[in-house]
Amino acid sequence: KTDVGWQLLLQRAHALALSGELDWQALGRIDFAVQCLGAVPKEVRKSFKKRVLDVVAEVNESREASNEAAESLLLSCKGGPAGFEFEPNARVLLVDVRGSALVKAMRERGCRISRWRRFASGPNDPHVGIAPKDKAYDAVVVRLPSTQAGLELALAAAKPLLKASAVLWLFGSHSEGILSAKS
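Undergrad: When you look at the packing of aromatic side chains in this model, what are you seeing that I'm missing?
TA: Given two aromatic rings, their pairing is described by the distance between the two centres and the angle made by the two planes. Counted according to the given criterion, the structure contains 3 aromatic pairs. Geometrically, the ring pair formed by F84 and F86 is edge-to-face, given 4.9 Å between the ring centres and 65 degrees between the ring planes. An aromatic cluster of three or more residues is present, and its members are F84, F86 and W169. A cation over an aromatic ring shows up here: R91 above the ring of Y137, its NZ or CZ 4.3 Å from the ring centre.

Here's what the structure looks like:
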């Protein structure tokens, strides 16, 4: 059993979670703590989990709209992947690309696509994990991560996988900081 202090903290956290005052990151941390505490009542754990999943779904919907807009913009650029002259069966690595428009456009151009996501978009995301071990990609398309460190990681992981003549496209929206990404 949990002591009185933990019970009060748990009650307050539960009330905050249900109130909508906490963002998805705070909810995730509380949910993790709740899962680690063995004596939390099952109905409270289920309530936390439901709230976390609801908020994550809201965040994912918002991100999806941003992702689609960024992909659409990239595909409309003359110097972007849609206008680039690829060799037949060119190998292209997509890093943290979530939408389908870019995948479709690249496949229509005859490219062979590999996808790598640093973070899962759901419990059964087949593209999440460590960077691919394959080498000799002709191009890499990187979705701008939310941090400079994330960008450095993605680029460092992709670099040894590329041919010397490979092309790199980094894309994201203005609100995400694409203009301040280091070249």
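Undergrad: What is the right way to read the nonpolar core from this model?
TA: Where a protein is soluble and globular, its nonpolar side chains tend to be buried together. F86, V92, L94, L102 and V141 are the most contacted members of the largest nonpolar core, which has 17 residues in total. Those elements that place two or more of their residues in this core are α3 (42–76), β1 (91–95), α4 (101–108), β3 (137–143) and β4 (162–171). In terms of nonpolar packing, the next biggest core, distinct from the first, is built from 14 residues, L10, A17, F48 and V55 among them.

Undergrad: I'm lost on unusual backbone geometry in this one. Help?
TA: Only a minority of non-glycine residues have a phi that is not negative, and only a minority of peptide bonds are not trans. In this structure, N89 takes a positive phi of about 60 degrees despite not being glycine. At D96, a position not held by glycine, the phi torsion is positive, near 60 degrees. Position of D96 among the secondary structure elements: in the loop between β1 and α4. Note on D96: relative accessible area 8%, which makes it buried.

Undergrad: Whenever I open this one, the packing of α3 against α4 confuses me. Can you help?
TA: The relative placement of two packed helices is expressed as an angle between their axes plus a distance between the axes. Two elements in contact, α3 and α4, have axes separated by 9 Å at closest approach and are oriented at 30 degrees. The orientation of α3 relative to α4 falls into the category roughly parallel. Across from E71, L74 and L75 in α3, the residues of α4 making contact are A101, L102 and A105. For the contact of α3 with α4, a count of residues per class yields 5 nonpolar, no polar and 1 charged.

Undergrad: Looking at this structure, I do not really get the side chain of R51. What am I missing?
TA: Secondary-structure assignment places R51 in helix α3. Residues in contact with R51, not counting those within four places in the same chain, are A17, G20, L27 and E58.

Undergrad: What am I meant to see in the sheet that holds β3 here?
TA: The strands that make up a sheet pair up through hydrogen bonds in the backbone, lying either parallel or antiparallel. One open sheet accounts for 4 strands, arranged β2-β1-β3-β4; its pairing is parallel. Every interior strand has two partners, whereas the edge strands, β2 (112–116) and β4, have only one. The sheet shows a mean angle of 20 degrees between the axes of neighbouring strands, direction not considered. Bridging between β1 and β2 involves 5 bridges; their strand directions are parallel.

The rules behind these values
Residues numbered from 1 in each chain as written. Predicted model: local features only at pLDDT ≥ 70, side-chain atom pairs only at ≥ 80, totals over all residues. Heavy atoms only, no water. Phe/Tyr/Trp six-rings, centres within 6.5 Å; stacked < 30°, edge-to-face > 60°. Lys NZ or Arg CZ within 6 Å of the ring centre and 35° of its normal. Core = buried A, V, L, I, M, F, W, Y, C linked by side-chain atoms within 4.5 Å. Buried < 20%, exposed > 50% of the residue type's maximum accessible area, 1.4 Å probe, protein only. Helix = DSSP H or I, 4+ residues; strand = E, 2+ residues; numbered from the N terminus. Axes fitted to C-alpha atoms, helices over the stretch in contact; angles between N-to-C directions. Parallel < 35°, antiparallel > 145°, perpendicular 65-115°, else oblique. Contact = heavy atoms within 4.5 Å. Nonpolar A, V, L, I, M, F, W, Y, C, P; charged D, E, K, R; others polar. Pairing = 2+ DSSP bridges.

Geometric descriptors of this kind do not, in isolation, establish any biological role.
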